[in-house]
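Chain by chain, the residues run as shown.
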Amino acid sequence: MSTLAAISALGSPTFWVSLLTLIGIYASVTMLLNVESGWGGMWDLGIVGLLAIGSYTYTIVTNPPGEFEVSYAPGWPVWAGILAAMLMTGIVAFLVGLPALRARREYFLIITFAFAEVFRQLAINLGDLTHGTVGFNSVARPFESFFQRDALRAVLLVVTWGAALLVYALTRRISRSGYGRALRAMRDNEPAALSLGIRVSRLRLQTFVLVGVAIGGIAPLYMWWLRYANPNVFKAQFTFTAWTALVLGGIASRFGPVLGVAVLLLFTELVELIDVPPELRNVHVAVHPLAIGLLLVLVLRFRPEGLLSERRTFGERARRQTSLDVAMAAVASRLRRLGRGDAVQAEAL
Amino acid sequence: MTTNGSGALLSTHGLYKAFGGNVAVHDVSLDLYPDRITALIGPNGAGKTTLFNIITGYERADAGNITFDGQPVTGMAPWEISRRGVVRTFQTPVGFPTMTVWESLQVAGASHNVLTGMMTNRGRRETAELSARADETLENLGLDQLIDTPVDELAAGDRKLAELARQLMAQPRLLLLDEPAAGVNPGAISRLSELIRDVHRSGIALMIIDHNLSFVLDVADYVHTMANGRIIAEGTPEEIAANPLVRQVYMGADT
């Protein structure tokens, strides 16, 4: 019986739409985490804090007035909520980054972790604004009046992956740009980066804010998928999942975060769906995190850099992708030189 | 190249730096002229690298000041000094270990800013120009075979050269070389001297710290000798080689 239940869950479109949407959301967050932590070397263990700020901001400003007993419910439209979330996470990232980025590595990690917990405690205690531990049990979603429930889910899946594609395009642009190289240079060797004129402290803050703003843009997607917001949603578990996926997929690679999230979340769901007799339920629940740990250990044992690696992403190909540009620049400079040569000769004559 | 009245590109006046009770740099005043290769020699702990660190902004002097191209640069951050044209190399050239040689040469000169480095069209054209310059620099230093080698897989000597190439990409007006001959195999030293002279001929002022006295005396036009944080002698390589004080502190008391 229960085996059948598991199989039917796997076959149901609702299950897949929901899982794929979640993968899209996590993939976006993990790609952004990769910019900051993989390329920028800032070990951020408080990424869920920014997600919380974005999610709460979106939810609070888009809630219809009078539906919850809170002091502030302007009932803004969805698009304004998204912009508000991005703006707010950007501001918060800036304010957190100012003190936190003075510390490096494990110290930065501890500070960001602490800030995320502070935000959660604020959500619990600023009940007038956040509805306390109860939170909000409904969230404004776009296109709600146009589609039926299942169709809306499918539409939001497409929207989520559209956003993930945008984030991927952004990280790809970064990885090929002077900005991306400056990030990796700063992470690899700060004194050498400084000696090349890279203003590392400003670069760190810019990156932290950029990631914050982008997470603010992803937060509403998470809210649309989850459809409620309360302090429990924003526990460190989210951060750990993103980090596990990042390490699994290949930290500082380009596509690794997406692959890592897909593998990790599919694996997690499958482990959860394994059918066990009722008397073994407790064991199953307890073994669940062990199975994820085992997956991580196995991947790192056989592919220490993750499924994909920084070296595969950059390396030789980094040069080839610009070889056409180079050829054109060489021709242009040859022509310029010729032109100048002619001018000199003309002058001499 | 505009310089101040004395013709010096970079001048230090009375630089002083102490770590706790240890005086690392004691009242150092020196002038660097663009038309000659200047060397700084001295035994270990003489304060040579500390002096480099102060000039390039990695450490702050307790007293004294520095001018570059007639402008005061005392106390500026390293990135700011680098952008003005004073670029250094490091004693241990770790470089950017996750990058290939070619990639690490793309770091300097590109726009690092999050917006201009990424969003504008300028980034792309810049890349093409940078690539062309990187290829040329690597060719000049004879590194074209190693273009796709990861920096952390380079032999010690090649790593030194790759670092030199990388720092040249920052288009320095003054290049400070911290022990360029350390770790370079003896057979390659004369080629290194030749490369350094080429760099100087291309219009870049040079200052070199090194332990290898024969290399320094061969490549430099003017030599300052430091001991215990002070400049104890300066002159042409011939004068320095003949100076009994220098022989005593630098080469040991066996003369």
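These figures come from a predicted structure and were not determined experimentally.

### Some remarks on the sheet that holds strand β1 (residues 10–19) of chain B
Residues and elements named next belong to chain B.
Here comes step 1: The four strands lie next to each other as β2-β1-β4-β5, forming an open sheet whose pairing is antiparallel. Of all the strands in the sheet, the pair left with one neighbour each is β2 (22–32) and β5 (71–72).
Here comes step 2: The pairing of β1 with strand β4 (residues 63–68) spans five bridges and is classified as antiparallel. Residue pairing in the sheet places His 13 in a bridge with Asn 65 of β4.
Here comes step 3: Sitting on the sheet, helix α1 (residues 48–55) is in contact with β1, β2 and β4, with an inclination near 115° to β1.

### Brief notes about the pairing of β1(B)
Residues and elements named next belong to chain B.
Here comes step 1: One ladder, built from seven bridges, connects β1 with β2; its direction is antiparallel. Bridging from a neighbouring strand, Lys 17 pairs with Val 25 of β2.
Here comes step 2: Once β1 ends, the chain turns through two residues before running back antiparallel as β2, passing Gly 20 with a positive phi of about 60°.

### What about unusual backbone geometry?
Residues and elements named next belong to chain A.
Here comes step 1: Residue Arg 105 is not a glycine yet carries a positive backbone phi of 45°.
Here comes step 2: Mapping Arg 105 onto the fold places it in helix α5 (residues 105–125).
Here comes step 3: By relative accessible area, Arg 105 is classed as partly exposed at 30%.
Here comes step 4: In this structure, His 131 is a non-glycine residue whose phi angle is positive, near 65°.
Here comes step 5: As for its placement among the helices and strands, His 131 is situated in the loop between α6 (127–130) and α7 (149–176).
Here comes step 6: For His 131, a relative accessible area of 24% puts it in the partly exposed group.

### Regarding the interface of chain B and chain A
Here comes step 1: In this assembly, 44 residues from chain B lie in contact with 37 residues from chain A.
Here comes step 2: Contact between chain B and chain A buries roughly 3,500 Å² in total, counting both sides, with carbon and sulfur atoms accounting for 60%.
Here comes step 3: Broken down residue by residue, the surface that chain B buries against chain A is led by Trp79(B), His112(B) and Met118(B), which jointly contribute 19%.
Here comes step 4: For the pair chain B and chain A, the interface holds four salt bridges.
Here comes step 5: One salt bridge in this structure joins Glu103(B) and Arg181(A), with 3.6 Å as the shortest N-O distance.
Here comes step 6: Connecting chain B to chain A are 12 residue pairs in polar contact (both at pLDDT 80 or more).

### Description of the environment of His288(A)
Here comes step 1: Along the chain, His288(A) turns up in helix α13 (residues 281–302).
Here comes step 2: For His288(A), the contacting residues outside a window of four places in its chain are Thr268(A), Val271(A) and Glu272(A).

### Comments concerning the pattern of salt bridges
When their charged atoms lie close together, side chains carrying opposite charge are able to pair.
Residues and elements named next belong to chain B.
Here comes step 1: By the definition in use, this model includes 20 salt bridges over all chains.
Here comes step 2: Two residues, Arg 88 and Asp 178, come together in a salt bridge whose shortest N-O distance is 3.6 Å. Residue Arg 88 is located in strand β6 (residues 86–88), and its partner Asp 178 is located in strand β7 (residues 174–178); the two are separated by 90 residues in the primary sequence. We note that Arg 88, like Asp 178, is buried.
Here comes step 3: Note that Arg 166 and Glu 163 form a salt bridge whose closest N and O atoms lie 3.6 Å from each other. Placement of both Arg 166 and Glu 163 in helix α5 (residues 156–168) is noted, with a separation of three residues, approximately one turn of the helix.

Procedures and definitions
Residues numbered from 1 in each chain as written. Chains lettered and ligands numbered in written order. Predicted model: local features only at pLDDT ≥ 70, side-chain atom pairs only at ≥ 80, totals over all residues. Heavy atoms only, no water. Pairing = 2+ DSSP bridges. Helix = DSSP H or I, 4+ residues; strand = E, 2+ residues; numbered from the N terminus. Contact = heavy atoms within 4.5 Å. Axes fitted to C-alpha atoms, helices over the stretch in contact; angles between N-to-C directions. Buried < 20%, exposed > 50% of the residue type's maximum accessible area, 1.4 Å probe, protein only. Buried area = accessible area lost by both parts, 1.4 Å probe. Salt bridge = Lys/Arg side-chain N within 4 Å of Asp/Glu carboxyl O. Polar contact = N/O pair within 3.5 Å; in protein donor to acceptor, adjacent residues only side chain to side chain.

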